[in-house]
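Below are the chains, spelled out letter by letter.
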Amino acid sequence: MKRGLLRYAILSTPILAIYALSPVLIFEVAPRPELPTLILGMFVNISVVWSINILITLRLQKLEKWKRYSLSYLFQLLFQLALFFISDFITIRSDIAEKYLSYPILISISFNAVIILLCNSVENAFKKNVAEIENRELKFQNSEAQKQLLLRQLHPHFLFNALSVLKSLIKEKPDTAEDYSLKLSDFLRYSAKASAQTLVTLKEELEFTTGYIELQKVRFENTFTFFTSIPSEVLNCRVPVYSIQTLVENAFKHNYFTEKNPLTIEVTYDANKLTITNNKVSIKVTERSGTGLVNLSQRHKLITGKEIDIVETENSFSVTIHLMA
C-alpha cells in the first residue's frame, strides 16, 4: 500500500500544482519575478499534504475514518498556520507574504479533500487485494484438505479388499498367501510414500499400478491381461496419485472373469489424455458403491479443474483422465 500511495503522490502533485496555479499564470495575477516563489510554495504545500495523509493512512488504519479525516485537516491546518507565521518572519511582512502566500495555503487545504479520496481509494484497493489473496489461500487450503480426505477414504477401502483376499488365500493356498503377503508389503510401502503426494509422475503411477497387478496375478493367475501403450516422452507428465490404480482395481471388482472369458485392461495415450479401458465380462451381481470412481472424479476435478470422461458401452467401460505438465 505504501508504494501505491507514494506513486499517487508523485504523479498527482505536479498535476494539482499546475491546476492550482493555472488562474495565476493565465491572468498574470502575480508578477513574473515572484512566480518561482509561488510555484515552489505550491509544490511544497501539496507535498506536505500528501505526507500528512500518507502517514495517517499507514499508521492509523484501525482508527475510524472520520477521525482520520479530522486529524488530517487538523494537522494540515496547523502546518499551514505554522508556515504562514514562519514566512511572515522571513519576508518581514513583504508584499509576497501578504498577497500571494495565502493563496497556496488555501488551495492546499482545499486539495486535502482530493488527496484524502485518493488515499482512501488506494487503501480500499489494497484491502481488496489482500482479501482476494486470503480468499485464494483459503480455497487452496480447503481443496488440499478435501484431497487429503479423499485419499484417506481410499486407503481403508483398498486395504480392506487386500486383507480379505489374503485371508481367503491363507485358507485355500497357504504358499500363495505367503507370496501375496510379500507383494502386498512392498505395495503398501510404496503406497505410504505416494500418499503424501497429490500428484505423481505417470511413470510412478504406472509402477504403482504394476505392483497392484502383481498382487492380482497371485489371486487370479491367468484370467486377465494388462498392457499399456504410452510413449516414453510423456512419462514425466503428472497424474493424480492412485488414478490409474483405482480404475484398474474397479475393473477387477466389477467383472467376473475366467481363463475362458478373460478380463482385458488397456491403458492408452492420446492428445495429453490417458484412457483406461476394460472389457465387460459377466458383470458381478453385487451392489456398486462407486466409492473408487467417485473419489477419483472428485480428486481429479480438484487438482486439474476438469472432469473425467466416462464412456460405457455394452461390451466395454473406459475412463479418460487428463495429464498435467
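Located above this text is the structure these notes cover.
First, a word on scope: everything that follows refers to the structure included in this document.

Between helix 7 (residues 202–220) and helix 8 (residues 243–253), the least distance of the axes is 8 Å, while the angle of their chain directions is 25°. If you check the angle between helix 7 and helix 8, you find them roughly parallel. Taken as a pair, helix 7 and helix 8 cross one another with a handedness that is right-handed. Residues Leu202, Glu205, Leu206, Phe208, Thr209, Tyr212, Ile213, Gln216 and Phe220 of helix 7 form the contact with helix 8, whose participating residues are Ser243, Ile244, Gln245, Val248, Glu249 and Phe252. Of the residues that constitute the contact of helix 7 with helix 8, the class distribution is 9 nonpolar, 4 polar and 2 charged.

Locating Glu123 in the fold gives a position in helix 5 (residues 102–172). At a separation of 2.6 Å, a polar atom in the side chain of Glu123 contacts the side chain of Arg68. The contacts of Glu123, once residues within four sequence positions are left out, are Met1, Thr57, Gln61, Lys65 and Arg68.

Turning our eyes to something else, we now look at the side chain of Thr209. Relative to the helices and strands, Thr209 is located in helix 7. Those residues within four positions of Thr209 in sequence are excluded, and the remaining contacts are Phe226, Ile244, Gln245 and Val248.

Bringing helix 7 into the picture now. In this model, helix 7 (19 residues) spans 26 Å end to end at C-alpha, consistent with the 27 Å of a helix rising 1.5 Å per residue. Along helix 7, the positions that sit buried rather than exposed are Leu202, Glu205, Leu206, Phe208, Thr209, Tyr212, Ile213, Leu215, Gln216, Val218 and Phe220. Once helix 7 finishes, Glu221 follows within two positions and takes phi at roughly 55°, a positive value.

This paragraph deals with the environment of Phe126. You can see Phe126 is positioned in helix 5. By relative accessible area, Phe126 is classed as partly exposed at 33%.

With that settled, the discussion passes to the pattern of salt bridges. Under the criterion given, the structure shown has 8 salt bridges. Measuring nitrogen to oxygen at the nearest pair gives 3.6 Å for the salt bridge that ties Lys173 to Glu221. Of this pair, Lys173 sits in the loop between helix 5 and helix 6 (174–194) while Glu221 sits in the loop between helix 7 and strand 2 (224–229), placing them 48 residues apart in sequence. Lys173 gets classed as partly exposed once you look at its relative accessible area, which sits at 33%. We note a salt bridge from Glu214 to Lys217, for which the minimum N-O separation is 3.8 Å. Placement of the pair is Glu214 and Lys217 together in helix 7, with a separation of 3 residues, close to one helical turn. On the basis of relative accessibility, which here comes to 29%, the residue Glu214 falls in the partly exposed class. Each of Arg68, Glu123 and Lys127 takes part in a single network of salt bridges with overlapping partners.

Conventions adopted
Residues numbered from 1 in each chain as written. Predicted model: local features only at pLDDT ≥ 70, side-chain atom pairs only at ≥ 80, totals over all residues. Heavy atoms only, no water. Axes fitted to C-alpha atoms, helices over the stretch in contact; angles between N-to-C directions. Helix = DSSP H or I, 4+ residues; strand = E, 2+ residues; numbered from the N terminus. Parallel < 35°, antiparallel > 145°, perpendicular 65-115°, else oblique. Left-handed = near helix turned anticlockwise from the far one by under 90°. Contact = heavy atoms within 4.5 Å. Nonpolar A, V, L, I, M, F, W, Y, C, P; charged D, E, K, R; others polar. Polar contact = N/O pair within 3.5 Å; in protein donor to acceptor, adjacent residues only side chain to side chain. Expected span 1.5 Å × (residues − 1). Buried < 20%, exposed > 50% of the residue type's maximum accessible area, 1.4 Å probe, protein only. Salt bridge = Lys/Arg side-chain N within 4 Å of Asp/Glu carboxyl O.

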